[in-house]
Amino acid sequence: MADAVQYRLERMSDELDDLERRGLFTRAELAEVVRRRRDFEFRLRRRSPLRSDFLDYIAYELRLDALRDLRKRAIIRATPDTSDHDADATDNDSSKKKKKRKKGKAKKWKKSVSDIAGVLRVLDIYRIATVRYKGDLDLWFRYLEFCRDKRHGRMKQATIRYHPKVPGLWIYAAAWEFDQNLNVAAARALMQTGLRSCPESEDMWIEYLRMELTYLNKLKARKVALGEDVKTLQKKNNDASAWKEENKELFMSLNEQDEGPEESGSRGVALEGKEDLFWQQGLLIIQTIYHGATEALPSSLTLRKKFLEILNSVDLAHSDELKVEVMDDLKKDFSDSEDYWDWLARLQLSDSTSSSNFNRKEALSNKLNKSIQVYDEAVRRLPTSRMYSLYAKFWMGVLFADTEDSISLFHGGEFDASGFTSCILEVYQNAESSGCLTEDLACQYVSLYLRLGGLEEAPGRLEEARNLAKKLCNGPLSHAADLWNLRASIEMKSLATSTGSSSFSKEDLSSLFDLFNVALPKLPIPEAEELWHTAMKLFSHEKVYFEKLVKCAMLSLSCAGGSDCGASVSSAIVGWILQRDGIKQARKMYKRFLALPRPSFKFFQYCIELETNLASIGNQDSLVNARKLYDSALDLYPQERELWRNYYNVELKVGTSETANAIYWRARKVLGDSTALDIPHS
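Naming follows an unreviewed UniProt entry, where the chain appears as Suppressor of forked domain-containing protein of Oryza punctata. What UniProt states about the chain under its Sequence similarities (unreviewed entry) heading is, verbatim, "Belongs to the UTP6 family." Its UniProt record gives the chain a comment under Subcellular location (unreviewed entry), which states: "Nucleus, Nucleolus".

This is the structure in structure tokens:
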């Protein structure tokens with residue numbers, strides 16, 4: 001290893017001599033450079049070099065090369081001007097002398113070995129690093145970026161050879177050829193080869209289309225500059241012809257003779273024929289890409305939407321037929337997809353054809369009607385819960401500006417959407433009548449009445465929401481926990497509104513308890529945790545009702561069979577009793593829960609934490625109870641290492657060394673591992 005390092009250092013001698021001869025570094029500085037490089041070289045040649053070793057070496061070389069470049073520029077600027085000896089020279093003579101002086105300096109400081117050695121060394125380090133870490137894509141992309149900045153393209157093929165299934169590398173290599181080397185044929189070949197290796201990459205198909213369109217745009221700009229343009233790149237853009245008219249003197253013939261009308265007409269026909277052939281070939285390329293993409297990814301809706309968006313954005317001449325083909329294929333292949341209908345309906349809002357014939361309000365109304373027609377056709381063809389959900393989501397974006405998917409087009413003050421509230425209600429009603437009303441849709445349906453009440457300032461909407469929630473909870477959605485929770489909140493809000501007070505009477509509490517007593521037994525505890533917490537908060541100071549809730553909770557927990565999902569409910573009950581009646585009653589309560597078949601591990605942890613907190617402030621009864629809880633929990637969960645570790649730490653903190661040692665050896669015996677607790681022990 002030492003011989004290899006010495007060999008690499010000896011190869012730097014020419015570079016170091018050149019740096020000293022030019023006065024860029026002193027001998028002491030070069031000695032420090034050699035020392036640092038020797039350290040880095042030894043780090044790279046150890047048995048298992050780290051990724052950071054290579055990156056640190058590269059960062060050091062880049063800083064060193066930047067310092068060399070700064071010093072070189074400073075020396076050039078500080079070089080005295082020996083050629084400017086004529087103080088009375090004219091401006092023309094002065095400019096000539098400046099050019100001569102710059103030429104002389106450039107000749108003196110022409111590139112030498114020290115100017116390129118730093119870049120070559122960084123490339124060599126990158127090469128070694130990528131061989132060592134072939135699978136590190138981030139390192140490869142760093143290598144690519146450095147080569148692009150320094151205009152070194154020799155490693156593209158190596159990168160692709162190691163990672164032929166990474167679309168980003170093919171795109172990067174093609175962009176390199178297209179942008180840096182201006183080699184369209186090579187870029188196209190790379191993209192086509194990449195598509196054969198990664199045919200299911202949407203990004204590669206999209207970038208291939210963008211590249212071809214960019215190439216067409218460049219060819220079009222060239223034709224405009226050369227005066228060969230007949231048609232425009234965009235059907236509604238007259239910039240090219242206007243530019244030609246303003247600069248018609250640039251297009252004079254070489255013999256400087258005016259052409260006759262017949263010659264001019266024949267020349268125009270010839271150019272028009274060339275133009276048609278040009279665009280036909282360009283359109284053929286785009287069609288080929290589209291057909292290849294749909295064949296490789298027949299089920300990708302997003303790919304076809306992106307193709308259509310790109311075609312609409314550039315508005316190429318002669319592309320209407322391709323757009324119609326894309327739309328027809330979308331309808332044929334995705335007519336059974338809810339996402340397609342939702343996209344098609346929202347696409348109607350971007351239609352600008354009607355805005356020129358009507359005023360703003362009428363144009364918005366026409367767009368909305370078109371979207372409604374598409375959604376109506378969609379729910380007729382696909383009467384599914386998702387389709388109704390997307391339809392309702394669209395209406396929420398139209399009616400309310402504060403929703404996540406709000407449609408800003410209808411919230412500018414020019415369009416009053418409040419008159420369409422019956423339409424969204426009809427959507428939910430149709431979903432209910434067709435049996436497509438899910439739990440989420442039902443909650444949205446009920447919540448909509450509450451929002452419409454605030455929108456229309458109609459207090460009767462609260463009663464409608466209450467009746468609707470009652471009907472749905474007593475119907476096919478009787479096991480929907482979120483719907484029951486929404487109904488409970490509406491009932492409490494309704495009672496508070498009717499009485500004008502936040503406190504409830506005995507009759508109101510009785511009716512609310514009946515509601516909870518109906519809902520809680522039929523709902524699994526994991527789904528109804530929020531409803532349980534609402535009930536406990538409401539009846540925390542009503543002992544009779546609270547005790548009934550406790551009995552209901554114990555029955556549900558016994559059915560759950562010690563699941564951790566019910567730990568939050570039982571822990572909340574103990575917490576409310578602790579807050580209201582003190583630690584003695586809380587102990588009685590958690591003992592009742594621990595007497596159930598196989599209590600959950602999380603509930604054990606809650607009870608133990610409760611007792612250990614009291615034991616830490618000197619409560620001996622709590623220490624005794626904590627030990628009992630630990631022993632009971634370890635009988636049920638003997639392999640829980642965290643439980644053993646906490647038990648040991650508690651004994652160290654509030655117990656004695658003998659009890660702590662006893663726990664330690666018990667843990668080693670049960671777990672069968674000398675390092676089971678991961679703690680030092682003497």
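Moving on, there is more to tell.
(A) Just the overall build of the chain, in detail. A count of helical and extended segments in the chain gives 31 helices and zero strands. Across the 682 residues in the chain, those meeting the buried criterion constitute 41%. Expressed as a percentage of contacts within the chain between residues at least 6 apart in sequence, the contacts between residues at least 24 apart total 63%. Looking at the chain as shown, the accessible area adds up to about 37700 Å², and 51% of this sits on carbon and sulfur atoms.

(B) Fine view of the nonpolar core. In this structure, Trp-395, Trp-532, Ile-573 and Phe-593 are the most contacted members of the largest nonpolar core, which totals 152 residues. Filtering out sequence-adjacent residues up to four positions away, Trp-395 remains in contact with Leu-368, Ile-372, Phe-420, Cys-423, Ile-424 and Val-427. Of all hydrophobic cores here, the second largest spans 34 residues; its members include Leu-30, Phe-40, Val-119 and Tyr-143.

(C) Representation of the pattern of salt bridges within the structure. All chains considered together, the criterion is met by 42 salt bridges. Residues Lys-72 and Asp-115 are paired through a salt bridge, measuring 3.5 Å at the closest nitrogen-oxygen approach. In this pair, Lys-72 is assigned in helix α4 (residues 51-78) and Asp-115 in helix α6 (residues 113-132), connecting sequence segments 43 residues apart. Accessibility classification places Lys-72 together with Asp-115 in one group, the buried group.

(D) Inspection of the packing of aromatic side chains at higher detail. Here the structure, examined in full by the defined rule, presents 27 aromatic pairs. A centroid spacing of 4.9 Å and a plane angle of 5 degrees characterise the contact between Phe-40 and Tyr-57, whose relative ring orientation is stacked. You can see Phe-40 sitting in helix α3 (residues 27-44) and its partner Tyr-57 sitting in helix α4, a full 17 residues away along the chain. In this structure Phe-40 comes out as buried when scored by relative accessible area, which is 5%. Among the residues examined, Tyr-57 registers a relative accessible area of 0% and is labelled buried. Pairing Phe-516 with Phe-539 gives two aromatic rings, centres 6.1 Å apart and planes at 90 degrees, and the pair type is edge-to-face. With a gap of 23 residues between them, Phe-516 in helix α23 (residues 506-522) and Phe-539 in the loop between α24 (529-538) and α25 (543-560) connect regions that are remote in the sequence.

(E) Inspection of the UniProt feature "coiled-coil region" (unreviewed entry) in the chain at higher detail. With numbering matched to this structure, UniProt assigns "coiled-coil region" (unreviewed entry) to residues 2-29. Between the end C-alpha atoms of residues 2-29 there is a gap of 23 Å, over a span that is 75% helix and 0% strand.

(F) Representation of a negative patch on the surface. Taken together, the side chains of Asp-440, Asp-482, Glu-527 and Glu-530 present a region of like negative charge at the surface. You can see Glu-530 is positioned in helix α24.

(G) Inspection of the packing of helix α2 (residues 13-21) against α3 at higher detail. Where α2 meets α3, the closest approach of the two axes is 10 Å, and the angle between their N-to-C directions is 155 degrees. When the interaxial angle is binned, α2 and α3 end up roughly antiparallel. In the packing of α2 onto α3, the handedness of the crossing is right-handed. Residue-level contacts link Glu-15, Leu-16, Leu-19 and Glu-20 of α2 to Arg-27, Leu-30, Val-34 and Arg-37 of α3. In the contact of α2 with α3, the residues fall into four nonpolar, no polar and four charged.

(H) Structural detail: helix α18 (residues 385-399). The end-to-end C-alpha separation of α18 is 21 Å, in line with the 21 Å expected for 15 residues at 1.5 Å each. The buried fraction of α18 is high, at eleven of 15 residues. Regarding α18, the residues found buried are Met-387, Tyr-388, Leu-390, Tyr-391, Ala-392, Phe-394, Trp-395, Met-396, Gly-397, Val-398 and Leu-399.

(I) The environment of Ala-626, seen in detail. By the secondary structure assignment, Ala-626 is in helix α29 (residues 620-636). For Ala-626, a relative accessible area of 1% corresponds to the buried category. Along the chain, Ala-626 and Glu-611 lie 15 residues apart, while their C-alpha atoms are 5.4 Å from each other. Other than its neighbours up to four places away in sequence, Ala-626 contacts Glu-611 and Thr-612.

(J) Structural view of the side chain of Asp-18. Along the chain, Asp-18 falls in helix α2. The exposure class assigned to Asp-18 is buried, which follows from its relative accessible area of 2%. Only 2.6 Å separates the side chain of Asp-18 from the side chain of Arg-21, close enough to count as a polar contact. For Asp-18, the side chain forms a polar contact with the side chain of Ser-114, separated by 2.4 Å. Ignoring anything within four residues of it in the chain, the contact list for Asp-18 reads Ser-112, Val-113 and Ser-114.

(K) Seen up close, the confidence of the model for the chain. Per-residue confidence for the chain averages 80 on the pLDDT scale, and 80% of its residues sit at or above 70. Counted against residues more than four places away or in other chains, residues 230-240, with its pLDDT under 50, gives 26 contacts. Every residue in residues 246-271 scores below 50 in pLDDT, and together they form twelve contacts with partners more than four places removed in sequence or on other chains.

(L) Spatial organisation of the packing of helix α26 (residues 567-581) against helix α27 (residues 583-594). α27 packs onto α26 with a crossing angle of 160 degrees between their chain directions and a minimal axis gap of 7 Å. By the criterion of interaxial angle, the relationship of α26 to α27 is roughly antiparallel. Taken as a pair, α26 and α27 cross one another with a handedness that is right-handed. For the pair α26 and α27, the contacting residues are Ser-570, Ile-573, Val-574, Ile-577, Leu-578 and Asp-581 in the first and Ile-583, Gln-585, Ala-586, Met-589, Tyr-590 and Phe-593 in the second.

(M) Inspection of α2 at higher detail. Looking only at α2, the buried set comprises Glu-15, Leu-16, Asp-18 and Leu-19. Projected down its long axis, α2 carries its buried residues within an arc of 160 degrees, all on one side. Exposed side of α2, more than 90 degrees from the buried face: Asp-14 and Arg-21 are the residues found there. Taken from the residues just after α2, Gly-23 is the one with a positive phi, measuring 80 degrees.

(N) Representation of the side chain of Arg-587 within the structure. Examined against the element boundaries, Arg-587 turns out to sit in helix α27. Excluding its chain neighbours within four sequence positions, the residues that come into contact with Arg-587 are Glu-611, Leu-614, Asn-619, Asp-621, Ser-622 and Asn-625.

(O) Fine view of the environment of Ile-171. Tracing the sequence through the fold places Ile-171 in helix α9 (residues 167-180). In the structure, Ile-171 is positioned 16 residues away from Ala-187 in sequence and 9.0 Å away in space, judged by C-alpha atoms. If near-sequence neighbours (up to four positions away) are discounted, Ile-171 is found in contact with Met-191, Asp-203, Met-204 and Glu-207.

(P) The arrangement of the environment of Ser-568 in detail. Within the secondary structure, Ser-568 is located in helix α26. Ser-568 sits in the partly exposed class, given a relative accessible area of 28%. Not counting residues within four places of it along the chain, the set of residues in contact with Ser-568 comprises Glu-529 and His-533. Here the side chain of Ser-568 touches Glu-529 through a polar contact of 3.2 Å, side chain to side chain.

Rules used throughout
Residues numbered from 1 in each chain as written. Predicted model: local features only at pLDDT ≥ 70, side-chain atom pairs only at ≥ 80, totals over all residues. Heavy atoms only, no water. UniProt positions renumbered as here; feature names shortened; annotations may be inferred. Helix = DSSP H or I, 4+ residues; strand = E, 2+ residues; numbered from the N terminus. Buried < 20%, exposed > 50% of the residue type's maximum accessible area, 1.4 Å probe, protein only. Contact = heavy atoms within 4.5 Å. Areas by Shrake-Rupley, 256 points an atom, 1.4 Å probe, with all protein chains shown as cover. Core = buried A, V, L, I, M, F, W, Y, C linked by side-chain atoms within 4.5 Å. Salt bridge = Lys/Arg side-chain N within 4 Å of Asp/Glu carboxyl O. Phe/Tyr/Trp six-rings, centres within 6.5 Å; stacked < 30°, edge-to-face > 60°. Patch = residues over 30% accessible without salt bridge, like charges linked within 9 Å, V, L, I, M, F, W, Y side chains within 5 Å. Lys, Arg positive; Asp, Glu negative; His and termini not counted. Charge placed at Lys NZ, Arg CZ, Asp CG, Glu CD. Axes fitted to C-alpha atoms, helices over the stretch in contact; angles between N-to-C directions. Parallel < 35°, antiparallel > 145°, perpendicular 65-115°, else oblique. Left-handed = near helix turned anticlockwise from the far one by under 90°. Nonpolar A, V, L, I, M, F, W, Y, C, P; charged D, E, K, R; others polar. Expected span 1.5 Å × (residues − 1). Polar contact = N/O pair within 3.5 Å; in protein donor to acceptor, adjacent residues only side chain to side chain. pLDDT = per-residue confidence, 0-100. Arc of directions from axis to C-beta.

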